[in-house]
Amino acid sequence: MQTLTTIAELRAALAPHRLDGRSIGLVPTMGYLHVGHMELARRARADNDIVVATIFVNPLQFGANEDLARYPRDLARDQAMLEAEGVHYLFAPGVQDMYPRPMETVVDVPKLGAELEGSVRPGHFAGVATVVTKLFNIAGPDRAYFGEKDFQQLTIIRRMVADLAQPVEVIGVPTVREADGLACSSRNVYLSAEERSAAAIVPRALEEAERLVAAGETDAKRLEEAVTAFLRAEPLARPEVVAVRDPETLAEVGGIGEKPVLLLLFVRFGSTKLLDNRVIDPKNVKTAKVA
Ligand SMILES: Nc1ncnc2c1ncn2[C@@H]1O[C@H](COP(=O)(O)OP(=O)(O)OP(=O)(O)O)[C@@H](O)[C@H]1O
Ligand SMILES: CC(C)(CO)[C@@H](O)C(=O)[O-]
Ligand code: BAL
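What comes next is a walk through the structure. Predicted model, so just to flag it, every value in this text is computed and none were measured. (Residues numbered from 1 in each chain as written. Chains lettered and ligands numbered in written order. Predicted model: local features only at pLDDT ≥ 70, side-chain atom pairs only at ≥ 80, totals over all residues. Heavy atoms only, no water.)

### Notes on the overall build of the protein
The secondary structure content of the protein amounts to 12 helices and 9 strands. Its C-alpha atoms give the protein a radius of gyration of 20 Å, within 12% of the compact-globule value 19 Å for 291 residues. Seen along its three principal axes, the alpha-carbon backbone of the protein occupies a region of about 55 × 40 × 40 Å. For the protein, the proportion of its 291 residues judged to be buried stands at 53%. Taking the intrachain contacts of the protein between residues at least 6 apart in sequence as the baseline, contacts between residues at least 24 apart amount to 74%. Accessible area of the protein: about 13400 Å², with a carbon and sulfur share of 52%. For the protein, the distance from the average site of its 34 positive side-chain charges to the average site of its 40 negative ones is 1 Å. (Helix = DSSP H or I, 4+ residues; strand = E, 2+ residues; numbered from the N terminus. Rg over C-alpha atoms; globule rule 2.2 N^0.38 Å. Buried < 20%, exposed > 50% of the residue type's maximum accessible area, 1.4 Å probe, protein only. Contact = heavy atoms within 4.5 Å. Areas by Shrake-Rupley, 256 points an atom, 1.4 Å probe, with all protein chains shown as cover. Lys, Arg positive; Asp, Glu negative; His and termini not counted. Charge placed at Lys NZ, Arg CZ, Asp CG, Glu CD.)

### Digging into helix H8 (residues 151-163)
With 13 residues, H8 extends 18 Å between its outermost C-alpha atoms, agreeing within 8% with the 18 Å of an ideal straight helix rising 1.5 Å per residue. When H8 is considered as a whole, its buried residues turn out to be Phe151, Gln152, Gln153, Leu154, Thr155, Ile156, Ile157, Met160 and Val161. (Expected span 1.5 Å × (residues − 1).)

### A short note on the sheet that holds strand S8 (residues 261-269)
Spatially, S7-S8-S9 is the arrangement adopted by the 3 strands of the open sheet, whose pairing is antiparallel. Each edge of the open sheet is held by one strand with a lone partner, namely strand S7 (237-245) and strand S9 (272-280). Across the sheet, the mean angle separating the axes of adjacent strands is 15° when strand polarity is ignored. Judged from the 9 bridges that link them, S8 and S9 form a sheet pairing that is antiparallel. Each bridged residue has a counterpart across the sheet, and for Val267 the counterpart in S9 is Leu274. Set on the sheet, helix H11 (residues 220-232) makes contact with S7 and S8; between it and S7 the angle comes to about 160°. (Pairing = 2+ DSSP bridges. Axes fitted to C-alpha atoms, helices over the stretch in contact; angles between N-to-C directions.)

### Examining the pairing of strand S3 (residues 50-55)
Across the 6 residues of S3, 6 count as buried, placing the element largely inside the fold. Burial of the side chains of S3 extends over both faces: Ile50, Val52 and Thr54 are buried on one face and Val51, Ala53 and Ile55 on the other. Of the pairings in the sheet, the one linking S3 to strand S4 (residues 89-91) comprises 3 bridges and is parallel in character. Residue Ala53 lies in a different strand from S4, and its bridge partner there is Leu90. Crossover handedness for the path S3 to helix H3 (residues 75-84) to S4: right-handed. (Right-handed = clockwise from strand over helix to strand, strands pointing away.)

Have a look at this one:
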């Protein structure tokens with residue numbers, strides 16, 4: 001695996017592959033890799049001739065009071081993990097390489113980006129959409145891989161790609177979890193031992209929601225309230241977003257009927273934010289109950 005840090009180097013490395021008609025898969029990350037990222041890389045390896053992973057802690061998507069400065073970093077370990085997974089190129093630019101001068105141009109998906117996680121992180125998704133567009137422009141991938149754990153991010157990227165006719169196929173990869181169900185996340189490292197064991201309440205809240213739907217809950221607001229109360233039973237958990245939405249559009253839904261609904265959670269433990277979600281299909285949970 002070759003590690004490259006400048007836009008020109010990556011373009012020069014990829015040009016001959018493109019001329020030879022090889023497909024390119026892109027795996028954008030912020031580094032401090034875990035098995036969730038490795039699953040994205042594995043999928044990209046299976047689908048493409050050449051895989052490019054990127055590691056860039058993107059200042060544009062961090063608010064003034066967020067954790068940009070202390071975001072965990074370990075490039076040597078990340079390189080070894082990507083190499084072992086058969087990734088061909090790592091693009092790990094510095095801030096100066098990506099943003100040699102302040103960005104005047106921004107890609108925004110304002111409505112989808114303002115709600116849910118966006119309501120507690122204003123400007124975050126414009127930062128994501130802008131850097132992802134720039135990474136697409138630099139690497140010119142055929143396919144790009146994103147985790148379903150960041151469901152709103154994935155929805156926004158799909159919408160951006162469709163609206164702007166960006167020539168990339170976006171592939172969503174199911175959430176990889178730790179043994180107790182907690183979604184793998186680079187920020188899990190911030191959790192104290194006490195917070196880490198308390199955090200298992202998050203995937204359990206998703207199960208509880210599924211159980212309530214299987215038991216006949218059809219009102220979205222009531223389900224949100226029940227899940228919020230379930231999370232609040234854990235004193236260390238501070239639920240900030242508990243939302244039942246349409247999984248395609250993220251629009252609010254009144255009733256839970258025939259169609260699948262998305263339950264999206266954003267829960268803080270101390271200063272650490274954890275995200276999780278589940279698509280609940282009322283038909284399937286009911287079938288499962290009868291069976
Ligand atoms: N558990 C996971 N399963 C599958 N994909 C994941 C998982 N965690 C992260 N990803 C995906 O990996 C990509 C890079 O994410 P990122 O580097 O921000 O990692 P992260 O663990 O989500 O970090 P953070 O804790 O900062 O949110 C994103 O597309 C993200 O959705
Ligand atoms: C997609 C991404 C790499 C853009 O910085 C980031 O938001 C992430 O790691 O999910
Ligand atoms: N995993 C999403 C990137 C962020 O929280 O900034």
